[in-house]
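Analysis of the macromolecular model
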Amino acid sequence: MRSLVSFLLLVLAAAVQAISSNGGNRLLVILEDVSEKDGYSKFLGDLEGRGFDIAYETPKSESLRLFHLGERSYDHVLLLPTKSKGLGPNLTPSILLQFVNAEGNVLLALSGSLAVPSSIVSTLLELDIHLPTDRQGLVVDHFNYDAASASEKHDVLLLPSPGPLRSDCKDYFSLLSTAAPDGSARGGKTPAGPGVVAFPSGVGQTLGHGALLSPILRAPSTAYSYNPKDESESVDDLFASGAQLSLVSTLQARNSARFTVVGSADMLSDKWFDAKVKKVGEKTAVQTLNREFAKAVSGWTFNEIGVLRVNWVEHHLNEEGLSNASNPKIYRIKNDVTYSISLSEYSWDKYIPFTLPENDELQLEFSMLSPFHRLKLNPTISSEDSTTYSVSFKLPDQHGIFNFLVNYKRPFVSNVFEKNTVSVRHFAHDEWPRSFVISGAWPWIAGIGVTISGWLAFCAVWLYSAPPATGESKKKQ
């Protein structure tokens, strides 16, 4: 009976760990009308298939609450386009930012055919993400559009799969098509060539200079954004153009909460999942990768990928003849120590070993007010679900309170901040090296020996020398 209870408790603990590992599975979807979810049935069905518990609400619903008794009612929020100018009292910018500060994740989808609600504009301004001032914009490209569906407006952009942001960043959004150029044989195991992402009727954003902002999908150099209500033949006042336009933008807060802006909600709809498109000037049609791209973007936003976990941290002496106990509270200056940290990465449904990108480094700082050492951590041990990074070094000749600090912050992966405080003391009175083993002291030791020897020789000569016979000479006179 006890073994059965222990087994059930173990299963419960594992389930809780699985739920908490990816930030939870409670997802709130906000739509103008609940019936609109039928247009996103494939996307929402994929989310349900990945284990999300989805609740549907409208912005004006009286039962809508992001918090209950000070705690988050949901783990993630999906905001789809609405016709309302505002989102009601339960989705104000203050509440949405409070939700992000409480480690909640938000996926926001916009539409070029609808004006963006003012509360959304205000929320994005707080994050340094800028939209057109008139709250409505449309991205067009006269060189990279779908010839079948956008032959006149050129507002369905066909874009290549996004690549890595930088060489030192992990790549979660590069996609390869599993379809042949003629659109056949989709679903094979071997990628056949680069894919195309359809971006229909989208709103472009411009990003500030904040270090927390990162673009996933940028507009090509020939694209620009304008107000579709402007009926003039020429566009004089552009919002932005080219690489200034971010079509899919992300913000990862300092608490690792994630906020993603998808400029086109239509790219998440059933119509553009696996749709066949033909780029202008090309003869063959290909299938879009919107479904795969939507999975990657939603998976990253909802903490299904790119989540790092610190399994354990250990530091200890690395000297022979001494106690090398783990994580002591005090060291001595000039000690040889070893520091190790074990990291795992959550990938969809399990933890895998965390590997660094090719041009990236995981560093350890041994610091007081400023770093005395900044060292590269090298992978030493790898298992099925973790990688251990270690480094050995000699402590500085400085006593005080020091920190072992690992502060790893990169786009698209959750932040790692591990600080362990230790004391570093002077040598004890019986730990100093004896003077006879220090070569620089040998002349002084020799001088002391010569002085003592000379003094003893003088004393011996003085004591054993006969005094002069002065008394006898006086009597003879």
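The structure under discussion appears in the preceding block.
The numbers attached to residues start from 1 for each chain and follow its sequence in the written order. Confidence filtering applies because this is a predicted model: local features only for residues at pLDDT of at least 70, side-chain atom pairs given and counted only at 80 or more, and all residues used for totals across whole chains, interfaces and linings. In computing side-chain properties, one takes all heavy atoms of the structure into account and sets aside hydrogens as well as water.

Points about the sheet that holds strand β17 (residues 246-252)
The strands that make up a sheet pair up through hydrogen bonds in the backbone, lying either parallel or antiparallel. The seven strands lie next to each other as β2-β1-β5-β6-β18-β17-β14, forming an open sheet whose pairing is mixed. The open sheet has two edge strands, β2 (53-57) and β14 (213-218), and neither has a second partner. Each strand axis lies, on average, 15 degrees off the axis of its neighbour in the sheet, ignoring direction. Pairing between two strands is assigned when DSSP locates at least 2 bridges connecting them. By definition, any uninterrupted DSSP run of H or I lasting at least four residues is a helix, any uninterrupted run of E lasting at least two residues is a strand, and each is numbered from the N terminus. Strand direction decides the pairing type here: β14 and β17, joined by five bridges, are antiparallel. Orientation is described by axes fitted as lines to C-alpha atoms, over the contacting stretch for helices, and by angles from 0 to 180 degrees between their N-to-C directions.

Digging into unusual backbone geometry
You will see that His-154, though not glycine, has its phi angle at about 60 degrees, which is positive. Position of His-154 among the secondary structure elements: in the loop between β8 (138-141) and β9 (156-160). Positive phi is not limited to glycine here, since Lys-334 has a value of about 65 degrees. Within the secondary structure, Lys-334 is located in the loop between β22 (330-332) and β23 (336-347).

Here we look at the pairing of strand β18 (residues 258-262)
Burial within β18 is extensive, with five of its five residues counted as buried. For each residue, the accessible area found with a 1.4 Å probe, counting protein chains only, is set against the maximum for its type, and the residue is called buried under 20%, exposed over 50%, and partly exposed in between. Burial along β18 is two-sided: Arg-258, Thr-260 and Val-262 facing one way and Phe-259 and Val-261 facing the other are all buried. Relative to β18, strand β6 (residues 105-109) runs parallel, the two sharing four bridges. Following the sheet pairing, Leu-107 is matched in β18 by Thr-260. Inspection of the sheet shows β17 paired to β18 by five bridges, in the antiparallel sense.

Side note on the pattern of salt bridges
Here, a salt bridge means any side-chain nitrogen of Lys or Arg that lies within 4 Å of a carboxyl oxygen of Asp or Glu. The full count for this structure, using the stated rule, is eleven salt bridges. A salt bridge links Arg-26 to Asp-75; the nearest nitrogen and oxygen atoms lie 2.9 Å apart. Here Arg-26, found in strand β1 (residues 26-30), pairs with Asp-75, found in the loop between β4 (71-72) and β5 (76-79); they are 49 residues apart in sequence, far enough to count as distant. When its relative accessible area of 31% is taken as the criterion, Arg-26 is described as partly exposed. Of the residues examined, Asp-75 reaches a relative accessible area of 6% and is grouped as buried. Its salt-bridge partner being Arg-291, residue Asp-274 comes within 3.7 Å of it at the nearest N-O pair. Taken together, the residues span a long stretch of sequence, with Asp-274 in the loop between β18 and β19 (276-277) and Arg-291 in helix α5 (residues 290-301) at a distance of 17 residues. Through salt bridges with shared partners, one network takes in Arg-26, Arg-72 and Asp-75.

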